[in-house]
Amino acid sequence: MPSQPVGPLRRLAPVVFVLALAGLFFTVARLPGASAAERASLASRFQFQKMAIALPPGLPSNTVRKVNSKYEHIRSWISSVGAAIAVNDLDGGGVANDLCLVDTRSDEAIVTPVPGSGGTYAPFTLNPAPLPKSDTMAPMGCVPGDFNADGRMDLIVYYWGRTPVLYLHRPGATALTMSAFQPTELVGQSTSTDGDYHGALWNTNAVAVADFDGDGHPDVGVFNYFPETAVLDPYGNPNVQMNHSLSRAENAGGLHILHWTSATGGPEPKVTFEEQKDAVDPAYTTGWTLAAASTDLDGDLLPELYVANDFGQDRFFHNTSVPGQIKFELAEGRRGAFTPKSLVVGHDSFKGMGVEFGDLGSTGSFDGFVSNITTSWGLEESNFYWKNNTTSQAAAREKLNRGDAPFDNDAADSGLAWTGWGWDAKTADFDNSGNLSVVQAAGFVKGTINRWAWLQELAATNDLMLQNPDMWPHQRPGDDIAGSQPFAFWVRDSADHYTNIASSLGMTDTTPSRGIAVADTTGNGAQDFAVARQWGAPEFWKNELRDTKPFLGLRLYRPLAGSAAAGDGQNPGSPAYGAQVRITTASGHTQVAQLDGGGGHSGKRSFDVFFGLGDNGAQPVSAQISWRTADGAVQQQTVSLAPGWHDLMLTDQAQEVTSR
């Protein structure tokens, strides 16, 4: 019997089925957004005032960088990072009201007071002289820290085209100026006969500071993006390259773990770090890293490490160090039958550009948030909300010992999946409700000509062609890719869901943003934040709480190094890196936070440990404090603390002290 001809509708049936199925999945994934009324209601809990940040006079105002000749046709792409901001107590006044920022328009690292904080010093730039420098290097970030345990805040500035410089705070300094800091090489010793830098060409885009080996001293992770080539030298060797894949790139500059070995005070302070090249398996050290952060998940006060890599797999490491020997072991997520591979820790093909740890679920355990590219009709991946799937630190330890990362992605269900072209992110309780919000930087290259089509065409290119810069489509001044995306301000609603209310708060500036810094800069119990803009002026957002709820703020110290005079007009001690605090309010609500030594993309929060207490009034809070002493011993103590600020010295016990 002859076969019957297949009708056109029947031939289209498979196509219609696939389109319907795709539409169903998109509808399910795209959960309904909040209405305008709901956003307005959420926004009524917050009030911020935007303030300009003072900069030194006479700085240039560039709009793009000079780059290697092989990168000239994509110079806007190469010029898309570098804006950074950190907040801390640099002048020893007892409150984190000083900023260290990088302004890409001048390519300068700048120290300046928080606006409205009463700072009495003039803004100034950080000059690495007498160390060698060059016209083909540019700062990418600034990390405050007390690296020689003398109670004075030092600064690490990291660069493209140079190894990082450590600016040690001189003990005799009486005012905050450039002369108060002694530039010191973080890595090795530099030699130059002509004053120009001729050392290793590190191109760093992330630095994380923590006591990785538990010996009581801060170690430094340095994460380089481009390989060691002359990225910013128009006349440099044209041996530069791009990522050799958009999803599995492993030809980048490399991961460096620097172990603190010694420090001295006095008029010529010094700190020595030694690179431990076996801290991480070399198979996992060459991703194109844009962010890194650490936190202790299993209760041993050895912080785990998350490395967010552009163009491929992020890496999460279990910390198995012993004092003097840093060691990280790879841990990965486990994939369920219906879990896409890229939504599993360590298996993604996304463009990780920011990472932050915080108690997002308000469960008393640390979760993670990672920024990716999530632009509709452009390149739509997903942010990661790595929800902690363990019920205790012991359970987390059991998983980590098996090489399992204790996280599941909950970004879509929680509403945190899609922002735009995401960058740095910081969590904080801005209304003291007891729940964290997330401020997330966004935007890529601002121009007038939409070039998404070219980028999408690049995404379909054979990976074998990508490493050669000549194969990349033009990205020059005037071209635009995701250039008009305001930063996000995510808040939690009554249904444990997050909504971006930035527009309802008037946060609508479309200049691309990069770094976020958070601190209570006045000590009044309201956390503020600052934003670094790529090719735009940085800005400060002062928190003007409408409904003042109680809070608990802790400044946690370890004793100063033996040779340092106690206090010396500065803080009473050195930051207790990695100390964790788990509080329980009278209503039984538990939260956890840590003293963060510095992680993320290009923003760094203060060292304060801060909790909003919600509607618990003035009742005391039970605080379980865990820390390592100056000699690395693990201590834990539970204390009852009244709401407000407390300064605690952590030795073999926690004792309240006066900061001034």
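Remember, it's a predicted structure, so these values are computed and weren't measured experimentally.

### Remarks on helix α6 (residues 452-459)
Now for step 1: Within the sequence span of α6, burial applies to Trp452, Leu455 and Leu458. Within α6, the buried residues cover an arc of 120 degrees as seen down the axis, which keeps them to one side. The exposed set on the far side of α6, more than 90 degrees from its buried face, consists of Ala453 and Glu457.

### Overview of the side chain of asparagine 205
Now for step 1: With respect to the helices and strands, asparagine 205 occurs in strand β10 (residues 204-210).
Now for step 2: Asparagine 205 gets classed as buried once you look at its relative accessible area, which sits at 2%.
Now for step 3: Only 3.1 Å separates the side chain of asparagine 205 from the side chain of tryptophan 160, close enough to count as a polar contact.
Now for step 4: Setting aside residues up to four positions removed in sequence, asparagine 205 forms contacts with Val81, Met140, Tyr158, Trp160, Phe223, Tyr225, Thr289, Leu290 and His601.

### Digging into the side chain of arginine 105
Now for step 1: Residue position: arginine 105 is located in the loop between β3 (98-103) and β4 (108-113).
Now for step 2: With a relative accessible area of 19%, arginine 105 lands in the buried category.
Now for step 3: Beyond its immediate chain neighbours, meaning those up to four positions away, arginine 105 contacts Leu55, Pro60, Ser61, Asn62, Trp535, Gly536, Ala537 and Pro538.

### Things to note about the pairing of strand β7 (residues 154-160)
Residues in a regular strand point their side chains to alternate faces of the sheet.
Now for step 1: Of all seven residues in β7, seven are buried, a share of seventy percent or more.
Now for step 2: On β7, burial covers both faces: Asp154, Ile156, Tyr158 and Trp160 on one face and Leu155, Val157 and Tyr159 on the other are all buried.
Now for step 3: In this structure, strand β6 (residues 138-145) lies alongside β7, joined through seven bridges in antiparallel fashion. Bridge pairing in β7 links proline 139 to tyrosine 159.
Now for step 4: In terms of strand pairing, β7 meets strand β8 (residues 165-169) through three bridges, oriented antiparallel. Within β8, the residue paired with isoleucine 156 across the bridge is leucine 166.
Now for step 5: As consecutive antiparallel partners, β7 and β8 are separated by four residues, and within that stretch glycine 161 has a phi angle of approximately 90 degrees, a positive value.

### Focus: a nonpolar patch on the surface
Now for step 1: The grouping of Leu464, Met465 and Met471 at the surface amounts to a nonpolar patch, some 320 Å² of accessible area in total.
Now for step 2: Relative to the elements of secondary structure, methionine 465 occurs in helix α7 (residues 463-466).

### Some points on unusual backbone geometry
Now for step 1: In the segment running from alanine 129 into proline 130, the intervening peptide bond is cis, with an omega of 15 degrees.
Now for step 2: With respect to the secondary-structure elements, proline 130 resides in the loop between β5 (124-125) and β6.
Now for step 3: Residues other than glycine seldom take positive phi values, yet leucine 301 does so here, at roughly 60 degrees.
Now for step 4: Topologically, leucine 301 is positioned in the loop between β14 (288-295) and β15 (304-310).
Now for step 5: A residue is classified by how much of its surface remains accessible, and leucine 301, at 8% relative accessible area, is buried.

### So, the sheet that holds strand β16 (residues 315-319)
Now for step 1: Spatially, the four strands line up as an open sheet ordered β14-β15-β16-β17, and their pairing is antiparallel. Each edge of the open sheet is held by one strand with a lone partner, namely β14 and β17 (328-331). With strand direction ignored, the average angle separating the axes of adjacent strands in the sheet is 30 degrees.
Now for step 2: In this sheet, β17 lies alongside β16 in antiparallel orientation, the contact comprising four bridges. Among the inter-strand pairings, asparagine 319 is bridged to a residue of β17, identified as phenylalanine 328.

### Side note on the packing of aromatic side chains
Now for step 1: Here the structure, examined in full by the defined rule, presents 36 aromatic pairs.
Now for step 2: Taken together, the ring pairs connect Phe46, Phe48, Phe430, Phe487, Phe489, Phe529 and Trp541 into an aromatic cluster.
Now for step 3: Geometry around tryptophan 160 places arginine 65 over its ring, the cationic atom sitting 5.9 Å from the centre.
Now for step 4: Above the plane of the ring of tryptophan 454 lies arginine 451, whose end atom (NZ or CZ) is 3.8 Å from the centre.

### Quick look at the state of the cysteines
Now for step 1: Applying the stated criterion across every chain, the model contains one disulfide.
Now for step 2: Residue pairing for cysteine 100: its cysteine sulfur links by disulfide to cysteine 142, the two sulfurs lying 2.0 Å apart. When the S-S torsion is 95 degrees, as for the bridge of cysteine 100 with cysteine 142, the disulfide is right-handed. Within this pair, whereas cysteine 100 is found in strand β3, its partner cysteine 142 is found in strand β6, the two being separated by 42 residues in sequence. A single burial state applies to cysteine 100 and to cysteine 142, both of which are buried.

### Focus on the pattern of salt bridges
Now for step 1: All chains considered together, the criterion is met by 23 salt bridges.
Now for step 2: Here aspartate 404 makes a salt bridge to arginine 334, at a shortest N to O gap of 2.6 Å. Of this pair, aspartate 404 sits in the loop between α4 (393-401) and β23 (407-409) while arginine 334 sits in the loop between β17 and β18 (354-358), and the two are 70 residues apart along the sequence.
Now for step 3: Given the relative accessible area of 10%, aspartate 404 is considered buried.
Now for step 4: Members of the salt-bridge network, linked through shared partners, are Arg334, Glu398, Arg402 and Asp404.

### Looking at the confidence of the model for the protein
Now for step 1: Confidence along the protein averages 93 in pLDDT terms, with 93% of residues attaining 70 or more.
Now for step 2: Note that residues 17-22 has pLDDT below 50 and, in this model, zero contacts with residues that lie over four places away or in other chains.
Now for step 3: Taken as a whole, residues 563-569 scores under 50 in pLDDT and shows 10 contacts with residues more than four places along the chain or in a different chain.

### What to know about the nonpolar core
Now for step 1: Counting residues in hydrophobic clusters, the biggest one holds 114 residues, and the most contacted among them are Ile78, Leu126, Val220, Trp421, Phe489, Phe529 and Leu556.
Now for step 2: For this core, the element with the highest residue contribution is β7, accounting for six residues.
Now for step 3: With 19 residues, the next largest nonpolar core counts Ala291, Ala308, Phe350 and Ala405 among its residues.

### What about the environment of asparagine 401?
Now for step 1: When you line up the elements, asparagine 401 lands in helix α4.
Now for step 2: Given the relative accessible area of 57%, asparagine 401 is considered exposed.
Now for step 3: On a C-alpha basis, the gap between asparagine 401 and tyrosine 158 in space is 34 Å, while along the polypeptide they are 243 residues apart.

Parameters and conventions
Residues numbered from 1 in each chain as written. Predicted model: local features only at pLDDT ≥ 70, side-chain atom pairs only at ≥ 80, totals over all residues. Heavy atoms only, no water. Buried < 20%, exposed > 50% of the residue type's maximum accessible area, 1.4 Å probe, protein only. Helix = DSSP H or I, 4+ residues; strand = E, 2+ residues; numbered from the N terminus. Arc of directions from axis to C-beta. Polar contact = N/O pair within 3.5 Å; in protein donor to acceptor, adjacent residues only side chain to side chain. Contact = heavy atoms within 4.5 Å. Pairing = 2+ DSSP bridges. Patch = residues over 30% accessible without salt bridge, like charges linked within 9 Å, V, L, I, M, F, W, Y side chains within 5 Å. Areas by Shrake-Rupley, 256 points an atom, 1.4 Å probe, with all protein chains shown as cover. Salt bridge = Lys/Arg side-chain N within 4 Å of Asp/Glu carboxyl O. Axes fitted to C-alpha atoms, helices over the stretch in contact; angles between N-to-C directions. Phe/Tyr/Trp six-rings, centres within 6.5 Å; stacked < 30°, edge-to-face > 60°. Lys NZ or Arg CZ within 6 Å of the ring centre and 35° of its normal. Disulfide = S-S within 2.5 Å. pLDDT = per-residue confidence, 0-100. Core = buried A, V, L, I, M, F, W, Y, C linked by side-chain atoms within 4.5 Å.

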